[in-house]
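Summary of the model geometry
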Amino acid sequence: MEKNIYSILAVFPTPNIEETAKYYNEVLGFRVVKYLDVKEPHVCLYRSEVEVVLLKAKSNKVYTNRELYGHGEDAYFITDNQESLQNEFIIKGAKIVRPLHLTDYNNLEFVLEDIDGRWLVFGMKQK
C-alpha cells in the first residue's frame, strides 16, 4: 500500500512576528490567526489551501538560502494564474525580484522578496 504525502507547510522564523504577519496579510492576501499566548508563540497564515507558520526568531536577522548557500529561494508556492497573482502583489506593493518568466526547466514563475528578505516563488510546471 502506497503511503501518500499530501501537502507541506512552510515555517518561517522572523524577528518581528507582528510586522511579518501584517505584510503577509496586506500585501500577499493571507488570513492571519495569532497564537501568541501559548507555550510556543506563533502565527498561522492561510490563503487557499496554503498555510505558513511564523515563529519568533531569537536572532534579529533572517538568514535566507541565498545567504547561507549561495543560491536558492526560500519557498515555492505552486499556483496557476501567475500573471494575475503577480499583478495583485505588485498593486499591493510587493517587491518583485524576478518577473514572470518561463524557466529553462519549463516552469512559469515569478519571484518576490518578502519583508524579511526571503525569496518566494509562485509558479507551476508547464505541460
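Everything quoted here is computed from the prediction, not taken from an experiment.

Check the secondary structure of the protein chain and you find three helices and eight strands. Ordered by position in the sequence, the α and β elements of the protein chain form the string β-α-β-β-β-α-β-α-β-β-β. Its C-alpha atoms give the protein chain a radius of gyration of 15 Å, near enough to 14 Å, the size a compact globule of 127 residues would have. C-alpha extents for the protein chain along the principal axes are approximately 45 × 45 × 30 Å. The buried share of the protein chain, reckoned over its 127 residues, is 35%. Accessible surface, the protein chain as shown: approximately 8,300 Å² in total, 53% of it carbon and sulfur. Taken as two groups, the 16 positive and 19 negative side-chain charges of the protein chain have centres that lie 3 Å from each other.

Turning to the pairing of strand 2 (residues 31-35), a few remarks are in order. Here strand 2 runs beside strand 3 (residues 42-47); their pairing, made up of five bridges, is antiparallel. From the neighbouring strand, Val 33 faces strand 3, where its bridge partner is Cys 44. Two successive antiparallel strands, strand 2 and strand 3, enclose a turn made up of six residues.

Backbone-to-backbone hydrogen bonds pair the strands of a sheet. The strands run either parallel or antiparallel. One open sheet holds the four strands; their spatial order is 5-8-7-6, and the pairing between them is mixed. With partners counted over all chains shown, the strands left at the sheet margins are strand 5 (75-78) and strand 6 (95-102), one partner each. For this sheet, the mean inter-axis angle between neighbouring strands, taken without regard to orientation, is 20 degrees. Both strand 7 (residues 107-113) and strand 8 (residues 119-125) contribute to a ladder of seven bridges, which runs antiparallel. Paired with Leu 108 across the bridge in strand 8 is Met 124. Along the sheet face, helix 3 (residues 82-91) touches strand 6, strand 7 and strand 8 and points at about 165 degrees away from the line of strand 6.

Of the residues making up helix 3, those classed as buried are Gln 82, Leu 85, Gln 86 and Phe 89. For helix 3, the angular spread of buried residues about the axis comes to 100 degrees, placing them on one side. Seen from the buried face of helix 3, the exposed residues on the opposite side, beyond 90 degrees, are Glu 83, Ser 84 and Ile 91. Of the surrounding secondary structure, the elements contacted by the buried residues of helix 3 are strand 3, strand 6, strand 7 and strand 8. The first or second residue beyond helix 3 is Gly 93, which carries a positive phi of 100 degrees.

What counts and what doesn't
- Residues numbered from 1 in each chain as written.
- Predicted model: local features only at pLDDT ≥ 70, side-chain atom pairs only at ≥ 80, totals over all residues.
- Heavy atoms only, no water.
- Helix = DSSP H or I, 4+ residues; strand = E, 2+ residues; numbered from the N terminus.
- Rg over C-alpha atoms; globule rule 2.2 N^0.38 Å.
- Buried < 20%, exposed > 50% of the residue type's maximum accessible area, 1.4 Å probe, protein only.
- Areas by Shrake-Rupley, 256 points an atom, 1.4 Å probe, with all protein chains shown as cover.
- Lys, Arg positive; Asp, Glu negative; His and termini not counted.
- Charge placed at Lys NZ, Arg CZ, Asp CG, Glu CD.
- Pairing = 2+ DSSP bridges.
- Axes fitted to C-alpha atoms, helices over the stretch in contact; angles between N-to-C directions.
- Contact = heavy atoms within 4.5 Å.
- Arc of directions from axis to C-beta.

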